[in-house]
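# Analysis of the macromolecular model
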Amino acid sequence: MILQFNKVNFSYSSHRVLHDCSFAVSNGELVYMVGKSGCGKSTLLQLCYFNLFPDDGEVVVAGFSSASASEKIIPALRRKLGIVFQDFKLLSDRTVFDNLAYILEINNYPAKKRRGRVEEVLRDLGILHLKNSYPQTLSGGEQQRTAIGRAIVNEPLLVIADEPTGNLDPQTSEEIVSIFKDISLKGTAVLLATHNYDIIDPSAKILRIEDGKVSPVRIKK
Ligand SMILES: Nc1ncnc2c1ncn2[C@@H]1O[C@H](COP(=O)(O)OP(=O)(O)O)[C@@H](O)[C@H]1O
Ligand SMILES: [Mg+2]
């Protein structure tokens, strides 16, 4: 199990967002987290990377528990995670190559292997030819591929994606979703939050947040 929520409660002051939430994500599993805007998807994801902590209950990620987490273990946890956002959050003053290489540098990845690792990831994502480009010169889809590359370059155990197709057209969204599927098929778990049911593969594991509760759903297409 790479991620586990055990009876998690979370409120922003008096506004209760999650109530008694329990679910789990296995290693290498692709899980969609769906629900209406404002239902608590981004909040739930922030609980996964210890940007927020539960009021009650426990979140266990890659063996780290929210109950025992001190500030000190957060960098160690983050090294096991890759995070992707709707707005990419790339470093605009660095090339595509350097956006990925930077992650390897701060994680003390062996210097001699960095170039090879970055190029391997960019090749897999179909953007090796863009390695010397700056983010603002790229299309949305290319920027999101770069952001995904940055999330996976350090070989995380879990990739967390918050509305990763929110800024993309339907065709590009489909391509991005299939990249996440490939990532999970290679053994990295993916938790993908979206309010857009169109991008969901109905055969995948789908969880929905509704009235503060997380439960499995089936989607017909
Ligand atoms: N920092 C915050 N402070 C207070 N309320 C917040 C904060 N962030 C989100 N909320 C509220 O919590 C609820 C869940 O938000 P969010 O997790 O962003 O939902 P989603 O990602 O599903 O759209 C919403 O009602 C939102 O307005
Ligand atoms: Mg959100």
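Predicted model only: the values in this text are computed from it and were never measured. (Residues numbered from 1 in each chain as written. Chains lettered and ligands numbered in written order. Predicted model: local features only at pLDDT ≥ 70, side-chain atom pairs only at ≥ 80, totals over all residues. Heavy atoms only, no water.)

## Points about the packing of aromatic side chains
Scanning the entire structure with this criterion turns up 3 aromatic pairs. Here the aromatic rings of Phe50 and Phe53 are separated by 5.3 Å at their centres, their planes lie at 45°, and the arrangement is tilted. A residue is classified by how much of its surface remains accessible, and Phe50, at 2% relative accessible area, is buried. Note that Lys89 overlies the ring of Phe85, its terminal NZ or CZ placed 5.1 Å from the centroid. The lysine or arginine in question, Arg94, covers the ring of Tyr102, its NZ or CZ lying 4.5 Å from the ring centre. (Phe/Tyr/Trp six-rings, centres within 6.5 Å; stacked < 30°, edge-to-face > 60°. Buried < 20%, exposed > 50% of the residue type's maximum accessible area, 1.4 Å probe, protein only. Lys NZ or Arg CZ within 6 Å of the ring centre and 35° of its normal.)

## Considerations on the nonpolar core
Side chains of a nonpolar character, in soluble globular proteins, are inclined to be buried together. Of all hydrophobic cores here, the largest spans 41 residues; its most connected members are Tyr32, Val118, Ile148, Phe180 and Ile183. Broken down by secondary-structure element, the contributors of at least two residues to this core are β3 (30-34), α3 (96-106), α4 (111-124), α5 (140-152), β7 (158-162), α6 (170-185) and β8 (189-194). Top contributing element to this core by residue count: α3, with 6 residues. Both domain 1 (1-80 + 158-221) and domain 2 (88-155) contribute no fewer than three residues apiece to this core. In contact with Phe180, other than residues within four places in its own chain, are Val84, Ile148, Val159, Ala161, Pro164, Val190 and Leu192. (Core = buried A, V, L, I, M, F, W, Y, C linked by side-chain atoms within 4.5 Å. Helix = DSSP H or I, 4+ residues; strand = E, 2+ residues; numbered from the N terminus. Domains from an automatic or database assignment. Contact = heavy atoms within 4.5 Å.)

## Focus on the environment of Val31
Within the secondary structure, Val31 sits in strand β3. Those residues in contact with Val31, other than ones at most four positions away along the chain, are Val25, Val190, Leu191, Leu192, Lys205 and Leu207.

## Section: the sheet that holds β3
An order of β6-β7-β8-β3-β9-β10 is seen for the 6 strands of this open sheet, with the pairing classed as mixed. In this open sheet, the two strands that pair with only one neighbour each are β6 (81-85) and β10 (213-216). Neighbour-to-neighbour, the strand axes of the sheet open up by a mean angle of 20°, direction not taken into account. Across 4 bridges, strand β9 (residues 205-210) lies against β10 in antiparallel orientation. Residue Arg208 lies in a different strand from β10, and its bridge partner there is Ser215. (Pairing = 2+ DSSP bridges. Axes fitted to C-alpha atoms, helices over the stretch in contact; angles between N-to-C directions.)

## Comments concerning the side chain of Asn9
By the element assignment, Asn9 lies in strand β1 (residues 3-12). From its side chain, Asn9 meets the backbone nitrogen of Asp20 in a polar contact 3.0 Å long. Not counting residues within four places of it along the chain, the set of residues in contact with Asn9 comprises Leu18, His19, Asp20, Pro54, Asp55 and Asp56. (Polar contact = N/O pair within 3.5 Å; in protein donor to acceptor, adjacent residues only side chain to side chain.)

## Quick notes on the site of ligand 1
Lining the immediate environment of ligand 1, one finds Tyr12, His15, Val17, Lys36, Ser37, Gly38, Cys39, Gly40, Lys41, Ser42 and Thr43. Between Cys39 and ligand 1, the recorded distance is 3.3 Å, taken from a backbone N or O atom to an oxygen atom. For ligand 1, an oxygen atom lies 3.0 Å from a polar atom in the backbone of Gly40. Sorting the residues of the shell around ligand 1 by element identifies β2 (15-25) and α1 (41-48) as the ones contributing at least two each. In the shell around ligand 1, the residues fall into 3 nonpolar, 6 polar and 2 charged. (Near = heavy atom within 4 Å. Nonpolar A, V, L, I, M, F, W, Y, C, P; charged D, E, K, R; others polar.)

Honestly, that's just the spatial picture; any functional story needs more than this.
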